[in-house]
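# A closer look at the structure
Listed here are the chains, written in short residue letters.
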Amino acid sequence: MGGELKYEIGQNAYIKLVLHALKHKTSSVNGILVGRVGKDDVIEISDSIPLSHSQIGLLPALELALIQIEEHYGSQGMSVVGYYHGNERYDDAELGNVAKRIGDHIHKYFPQAVVILLDNKKLEALPKGKGLSPVVEFYTKDASKTWRQGGGSDGGGRLTIREPSSNIVLLDYISSEKWKEVVDFDDHLDDISKDWLNPGMFK
């Protein structure tokens with residue numbers, strides 16, 4: 001089944017995870033993807049929740065965040081469908097052990113879980129071209145329970161952005177330094193007045 005899965009990410013979810021990585025360029029970042037299974041079994045990713053830029057691998061903080069996310073989004077008919085990660089080093093395009101471990105944790109609850117990895121080189125090339133494809137790579141688990149890029153060796157998986165002009169909007173946000181507004185769970189733990197769900201970010 002893994003090779004046939006299709007994933008569609010909404011513009012706000014996509015832009016927010018990229019801006020989170022841009023805010024913390026010298027750190028790894030991570031976050032949670034929420035959404036639902038839509039028609040034709042497409043996994044619809046509706047939002048991304050920035051988690052961390054420092055305590056990346058700490059499971060207690062992750063568990064606490066997951067509980068709060070499930071409570072908040074469950075009432076809207078959504079649940080956790082995946083995880084995103086941005087590596088610390090610009091030239092690191094590998095899905096590392098921490099990302100795999102957190103992906104494994106989410107996969108236990110949602111077998112079609114996706115892990116999205118920011119591709120720094122694609123992001124850097126974005127202003128130079130007219131690319132409409134996502135500046136991320138995606139991974140799902142294959143039949144052997146291994147995380148495979150692009151939905152497995154058969155290449156049958158697919159990740160698309162719901163709104164084709166999302167990269168153009170993203171470039172506007174980057175030029176206006178919108179990334180400074182992103183609040184993650186780490187920020188919230190330091191100052192509980194900061195809302196890590198970022199409700200007003202795109203208003």
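Residues numbered from 1 in each chain as written. Predicted model: local features only at pLDDT ≥ 70, side-chain atom pairs only at ≥ 80, totals over all residues. Heavy atoms only, no water.

Applicable threshold: UniProt positions are given in the numbering used here, feature names are shortened, and annotations may be inferred rather than shown by experiment.
You'll find the protein entered in an unreviewed UniProt entry as MPN domain-containing protein, with Papaver nudicaule given as the organism. On record in UniProt, under Sequence similarities (unreviewed entry), the comment for the protein is "Belongs to the EMC8/EMC9 family."

### Notes on unusual backbone geometry
Rules: Put simply, DSSP marks the helices as runs of H or I at least four residues long and the strands as runs of E at least two long, and each gets a number from the N terminus on.
One non-glycine residue, D41, lies in the positive phi region at around 60 degrees. Assignment of secondary structure puts D41 in the loop between β2 (29-37) and β3 (42-52).

### Observations concerning the pattern of salt bridges
As a reminder of what qualifies: Each reported salt bridge corresponds to a side-chain nitrogen of Lys or Arg within 4 Å of a carboxyl oxygen of Asp or Glu. Any residue under 20% of the maximum accessible area for its type is buried, any over 50% is exposed, and the rest in between are partly exposed; the area is computed with a 1.4 Å probe on protein chains only.
Per the counting criterion, the structure on display carries eight salt bridges. The salt bridge partner of R162 is E8, with a shortest N-O separation of 2.9 Å. Taken together, the positions of R162 in the loop between β8 (158-161) and α5 (166-175) and E8 in strand β1 (residues 6-9) put the pair 154 residues apart, joining distant regions of the chain. Taking the shortest distance from any N to any O, the salt bridge between K122 and E137 comes out at 3.0 Å. Taken together, the residues K122 in helix α4 (residues 120-125) and E137 in strand β6 (residues 136-141) connect sequence positions 15 residues apart. Taking the relative accessible area as the measure of exposure, K122 reaches 33% and is therefore partly exposed.

### Observations concerning the nonpolar core
Stated precisely, the cut-off is as follows: Nonpolar core, defined: a set of buried Ala, Val, Leu, Ile, Met, Phe, Trp, Tyr and Cys residues in which side-chain atoms within 4.5 Å join the residues together. Note on contacts: a residue pair is in contact if any heavy atoms of the two residues lie within 4.5 Å.
Core analysis: the largest hydrophobic core is formed by 56 residues, its most contacted members being I9, V18, I32, I45, I116 and L170. Once residues within four sequence positions are removed from consideration, L170 is found in contact with Y14, I15, V18, L19, L123, L126 and V135.

### Considerations on the sheet that holds strand β5 (residues 114-118)
Selection rule: Whether two strands pair comes down to DSSP finding at least two bridges between them. In this analysis an axis means a line fitted to C-alpha atoms, helices contributing only their contacting stretch, and an angle means the value between N-to-C directions, from 0 to 180 degrees.
Taken in spatial order, the eight strands line up as β7-β6-β5-β4-β2-β3-β1-β8 in an open sheet, and their pairing is mixed. Pairing within the sheet leaves two strands with one partner each, and these edge strands are β7 (147-149) and β8. Put simply, the sheet's adjacent strands are angled 30 degrees from each other on average, direction ignored. The sheet strands contacting helix α3 (residues 97-109) are β2, β4 (79-86), β5, β6 and β7, and the helix crosses β4 at an angle near 175 degrees.

### So, the environment of F202
Assignment of secondary structure puts F202 in the segment after α6 (185-190). We classify F202 as partly exposed; its relative accessible area is 22%. Sequence spacing of F202 and N12 is 190 residues, and the spatial spacing of their C-alpha atoms is 7.4 Å. Ignoring any residue separated from it by four or fewer positions in sequence, one finds F202 in contact with N12, I15, K16 and Y173.

### Some points on the pairing of β6
The buried fraction of β6 is high, at six of six residues. Burial of the side chains of β6 extends over both faces: V136, F138 and T140 are buried on one face and E137, Y139 and K141 on the other. One ladder, built from three bridges, connects β6 with β7; its direction is antiparallel. By the bridge assignment for β7, T140 is matched with R148.

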